[in-house]
Amino acid sequence: MDLESLGKESARTAAALRMQLAQMTAASQLLERTASDATSREHLAILNQGICRMLRIVGRMELAYRLGDGVPQMELAAIDLGQMVKELGEQMARLLSGINVTLTVQAPPHLLGRVDRGLLRHMLLELVSNGARAGDRVRLTLLQKEDQAMFSVEDNGPDVSMERLKDTLSGEGGDMPEWRRGGSGIAIAQQIAVLHGGRLMADGASGRGLNMVVTIPLGKAELGRLESPRLRWDRGGFDEALVGLSHLLPAQAFAPEGRC
């Protein structure tokens, strides 16, 4: 089987898995109506946790196929990047506080850019997730640098040498701990940056942990067609940030009364 056929088969598998997960989600939502005791809610939280973690894997499979399928289709629109970063940052900060990780967010009130919002949000989820696995303090910053938007995700994890940073961006990682390599997450973030005509860079220094920086051109955003950020949901019915960070979160975050 050639690579193209293998990719299409993976996409079909992901679609089939998503259909089954949608049925599991529907069953879970029905059970929530009758889960009146603590034990039932605890079991539902574990079920929801597993569903979200599988949705994250399926979503990555679908995205990997989309990014590797010749020239990926971009859904570009005029977006207020400042509002998008603050809204997504608040969601992630609330969830990460449950594992004692502090996420601080800094962004201008408004910064217009022409981007693929879904891809950009996925990129930020991957980078923040990588930082949260390394340390207990993460800072997400958005700045304007001339005609470019600059996203920075800095953590306070263990130092990384410049040689190791090269391996991180090349996807090799050498003997770097798994939580520092980032696996396919860093590779996906890098591909998304390149698709937007930008790039992903890494900076490490003694006592500073790791700082992942993405710069992308803002493009021409028409004020009359500006799209405001809105709460996003995975197609499985769960909050997008909850799915994106599900591999880090404890079962309690997925309890009927606790999840988004």
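Report follows, based on the coordinates.

Rules behind the numbers
- Residues numbered from 1 in each chain as written.
- Predicted model: local features only at pLDDT ≥ 70, side-chain atom pairs only at ≥ 80, totals over all residues.
- Heavy atoms only, no water.
- Axes fitted to C-alpha atoms, helices over the stretch in contact; angles between N-to-C directions.
- Helix = DSSP H or I, 4+ residues; strand = E, 2+ residues; numbered from the N terminus.
- Parallel < 35°, antiparallel > 145°, perpendicular 65-115°, else oblique.
- Left-handed = near helix turned anticlockwise from the far one by under 90°.
- Contact = heavy atoms within 4.5 Å.
- Nonpolar A, V, L, I, M, F, W, Y, C, P; charged D, E, K, R; others polar.
- Buried < 20%, exposed > 50% of the residue type's maximum accessible area, 1.4 Å probe, protein only.
- Pairing = 2+ DSSP bridges.
- Expected span 1.5 Å × (residues − 1).
- Polar contact = N/O pair within 3.5 Å; in protein donor to acceptor, adjacent residues only side chain to side chain.
- Salt bridge = Lys/Arg side-chain N within 4 Å of Asp/Glu carboxyl O.

**A closer look at the packing of helix α2 (residues 38-68) against helix α4 (residues 117-134)**
Interhelical geometry of α2 versus α4 gives an angle of 125° and a closest axis separation of 13 Å. Our classification of the angle between α2 and α4 gives oblique. When the axes of α2 and α4 are compared, the crossing they make is left-handed. The residues of α4 that touch α2, namely those facing R56, R60, L63 and R66, are L119, H122 and E126. Across the contact of α2 with α4, the residue classes tally to two nonpolar, one polar and four charged.

**Structural notes on the pairing of strand β7 (residues 209-217)**
With eight of nine residues buried, β7 lies mostly within the body of the structure. As defined by bridge partners, strand β5 (residues 148-155) adjoins β7 across seven bridges and the pair is classed as antiparallel. The residue bridging A149 from the neighbouring strand is I216, located in β7.

**A look at helix α3 (residues 81-96)**
End to end, α3 covers 22 Å across 16 residues, agreeing with the expected 22 Å (1.5 Å per residue, within 8%). With 12 of its 16 residues buried, α3 lies for the most part within the structure. For α3, the full list of buried residues reads L81, G82, M84, V85, E87, L88, G89, Q91, M92, A93, L95 and L96. One side-chain oxygen of the residue at the start of α3 lies 3.1 Å from the amide nitrogen of G82, identifying that residue as D80.

**A short note on the pattern of salt bridges**
Within the structure shown, the criterion is met by seven salt bridges. Here R66 makes a salt bridge to D116, at a shortest N to O gap of 2.9 Å. Residue R66 is found in helix α2, and its partner D116 is found in strand β3 (residues 112-116); the two are separated by 50 residues along the sequence. The class for D116 is buried, based on a relative accessible area of 2%. Each member of the salt-bridge network shares a partner with another, and the members are E87, R121 and E240.

**Notes on unusual backbone geometry**
The residue N100 is not glycine, and still its phi comes out positive at about 60°. Tracing the sequence through the fold places N100 in the loop between α3 and β2 (102-106). One non-glycine residue with positive phi stands out, namely E146, at about 55°. A relative accessible area of 71% places E146 in the exposed class.

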